[in-house]
Protein chains: 2
Amino acid sequence: MARVVVSVMPKAEILDPQGQAIERALPRLGFDGVLSVRQGKRFELEVADTVDDETVARIAESLLANTVIEEWEVARVEVEA
Amino acid sequence: MARVVVSVMPKAEILDPQGQAIERALPRLGFDGVLSVRQGKRFELEVADTVDDETVARIAESLLANTVIEEWEVARVEVEA
């Protein structure tokens with residue numbers, strides 16, 4: 001069994017209202033020095049060893065990300081016995 | 001300037017309906033072997049060098065995560081000149 005993390009973030013050119021709302025709130029809460037904030041999704045999948053990265057990529061493309069406005073990245077975190 | 005990633009996930013004991021919905025959809029889409037799916041949030045912050053990990057932790061606690069039902073993790077990704 002392995003754990004795979006799929007990170008899905010808005011594409012750079014896409015407006016990120018949630019990220020901007022946080023960005024504007026930070027100075028009001030006394031946090032300075034944060035130049036930009038982008039908010040996306042993180043999926044943690046536990047998969048059988050039969051599930052390879054190419055399959056996870058197809059899962060990301062078809063179900064986890066809206067590839068018109070989002071980009072995704074797969075990272076295999078750890079393999080358990 | 002540095003880039004910091006804050007990952008926010010539902011605590012293990014908390015029901016994750018979004019993750020479960022994906023888990024149930026995968027076999028219908030022909031993807032077998034995925035044992036569990038958990039969905040959370042990922043924040044990418046670009047911060048000035050004056051912003052240390054302790055400050056990012058306070059940002060995560062006060063604004064990015066609902067610490068009653070979520071746990072968070074900070075990772076400093078890369079430092080640019």
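Residues numbered from 1 in each chain as written. Chains lettered and ligands numbered in written order. Predicted model: local features only at pLDDT ≥ 70, side-chain atom pairs only at ≥ 80, totals over all residues. Heavy atoms only, no water.

Examining the relation of the copies chain B and chain A
Screw-axis analysis of chain B against chain A gives a translation of 0.0 Å along the axis, an RMSD of 0.0 Å, and a rotation angle of 180°. Overall, the copies show the geometry of a two-fold rotation axis. Considering only C-alpha atoms, the residue of chain B closest to the rotation axis is Lys41(B), which sits at 2.2 Å. By residue overlap, the copies meet face to face through one surface: 100% of the interface positions of chain B are interface positions in chain A. (Least-squares fit on C-alpha atoms with pLDDT ≥ 70 in both. Contact = heavy atoms within 4.5 Å.)

Quick look at the interface of chain B and chain A
Tallying the contact residues gives 32 residues for chain B and 32 residues for chain A. Both faces considered, chain B and chain A share a buried interface measuring about 2,700 Å² in area, 66% of it formed by carbon and sulfur atoms. Broken down residue by residue, the surface that chain B buries against chain A is led by Phe31(B), Arg42(B) and Glu44(B), which jointly contribute 22%. Summed over the shared surface of chain B and chain A, the result is two salt bridges. One salt bridge in this structure joins Glu44(B) and Arg38(A), with 3.2 Å as the shortest N-O distance. For the pair chain B and chain A, the number of links is twelve residue pairs in polar contact (both at pLDDT 80 or more). Those elements that place two or more of their residues in the side of chain B that touches chain A are strand 1 (2-10), helix 1 (17-28), strand 2 (34-47) and helix 2 (53-64) of chain B. Considering every element that reaches the side of chain B that touches chain A, the biggest residue donor is strand 2 of chain B, with 14 residues. (Buried area = accessible area lost by both parts, 1.4 Å probe. Salt bridge = Lys/Arg side-chain N within 4 Å of Asp/Glu carboxyl O. Polar contact = N/O pair within 3.5 Å; in protein donor to acceptor, adjacent residues only side chain to side chain. Helix = DSSP H or I, 4+ residues; strand = E, 2+ residues; numbered from the N terminus.)

Note that every value here comes from positions in space, so none of it alone points to a role or purpose.
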